[in-house]
Amino acid sequence: MATPYENIFNRFLKRIEDKDLPNFSEDEQIELMTGWLDTAIGYIELDGLKIKHDLSNRDNDIQEFEEDLNNCEMEVIAMYMVAAWYE
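The structure presented is a predicted model; accordingly, all values stated were derived computationally and were not measured.

Student: Got a minute to help me understand the sheet that holds strand 2 (residues 58-59) in this structure?
Tutor: Whenever strands of a sheet pair, they do so through backbone hydrogen bonds, lying parallel or antiparallel. Taken in spatial order, the three strands of this open sheet run 1-3-2, and their pairing is antiparallel. At either margin of the open sheet sits one strand with a lone partner, and together these are strand 1 (3-4) and strand 2. Judged from the two bridges that link them, strand 1 and strand 3 (residues 64-65) form a sheet pairing that is antiparallel. Opposite Pro4, over in strand 3, you have Glu64 as the bridge partner.

Student: Explain the packing of helix 1 (residues 5-13) against helix 3 (residues 71-86) here, please?
Tutor: When two helices pack together, you describe them by how their axes are tilted relative to each other and by the distance separating the axes. The interhelical angle for the contact between helix 1 and helix 3, taken along N-to-C directions, is 55°, at an axis separation of 8 Å. When the axis of helix 1 is compared with that of helix 3, the two are oblique. In this structure, helix 1 meets helix 3 at a crossing whose hand is right-handed. Contacts between helix 1 and helix 3 involve Asn7, Ile8, Phe9, Arg11 and Phe12 from the first element and Asn71, Met74, Glu75, Ile77, Ala78, Met81, Val82 and Trp85 from the second. The residue inventory of the contact of helix 1 with helix 3, partitioned by class, reads nine nonpolar, two polar and two charged.

Student: How should helix 3 be read in this particular structure?
Tutor: Note on helix geometry: an α-helix contains 3.6 residues per turn, so any two residues three or four positions apart are oriented the same way. With 16 residues, helix 3 should reach 22 Å at 1.5 Å per residue; the first-to-last C-alpha distance of 23 Å fits that figure. Those residues of helix 3 that sit buried are Glu73, Met74, Val76, Ile77, Ala78, Tyr80, Met81, Val82 and Ala84. Elements in contact with the buried residues of helix 3: strand 1, helix 1, helix 2 (26-47) and strand 3. The N-cap of helix 3, judged by a side-chain oxygen 3.1 Å from the amide nitrogen of Cys72 a few residues on, is Asn70.

Student: Would you mind showing me how to read the side chain of Thr3 here?
Tutor: Counting through the fold element by element, Thr3 comes out in strand 1. At a separation of 3.0 Å, a polar atom in the side chain of Thr3 contacts the main-chain carbonyl oxygen of Glu67. For Thr3, the residues in contact, after removing those within four places along its chain, are Glu64, Phe65, Glu67, Asp68, Leu69 and Met74.

Basis of the calculations
Residues numbered from 1 in each chain as written. Predicted model: local features only at pLDDT ≥ 70, side-chain atom pairs only at ≥ 80, totals over all residues. Heavy atoms only, no water. Pairing = 2+ DSSP bridges. Helix = DSSP H or I, 4+ residues; strand = E, 2+ residues; numbered from the N terminus. Axes fitted to C-alpha atoms, helices over the stretch in contact; angles between N-to-C directions. Parallel < 35°, antiparallel > 145°, perpendicular 65-115°, else oblique. Left-handed = near helix turned anticlockwise from the far one by under 90°. Contact = heavy atoms within 4.5 Å. Nonpolar A, V, L, I, M, F, W, Y, C, P; charged D, E, K, R; others polar. Expected span 1.5 Å × (residues − 1). Buried < 20%, exposed > 50% of the residue type's maximum accessible area, 1.4 Å probe, protein only. Polar contact = N/O pair within 3.5 Å; in protein donor to acceptor, adjacent residues only side chain to side chain.

This is the structure in C-alpha cells:
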C-alpha cells in the first residue's frame, strides 16, 4: 500500500503558521511542500536516522511514497519539513 504525500503535508501544516502560503495556488503550494519534503528527506539521511521504510521509493508526479509509512515515519518527516520551511 502507498502513502500519499497529503498525509504528511497535513501533519506539516498543523505545525506551521505561514501567512503567505494560502496566497499561492494549490499547485504552487504542492510544489513548495514537495520541495520541503525533498529537503526533509535529505536532512533525515544526513542525520543518519534509522527509518524502517526506504524514503527514496516515492513518486513526486503522483505525490506518494510507494510503501505504507507508519505514524512515526510520517511525524518525523513532517517535523523535518518544518525545519526545511523555517530556513
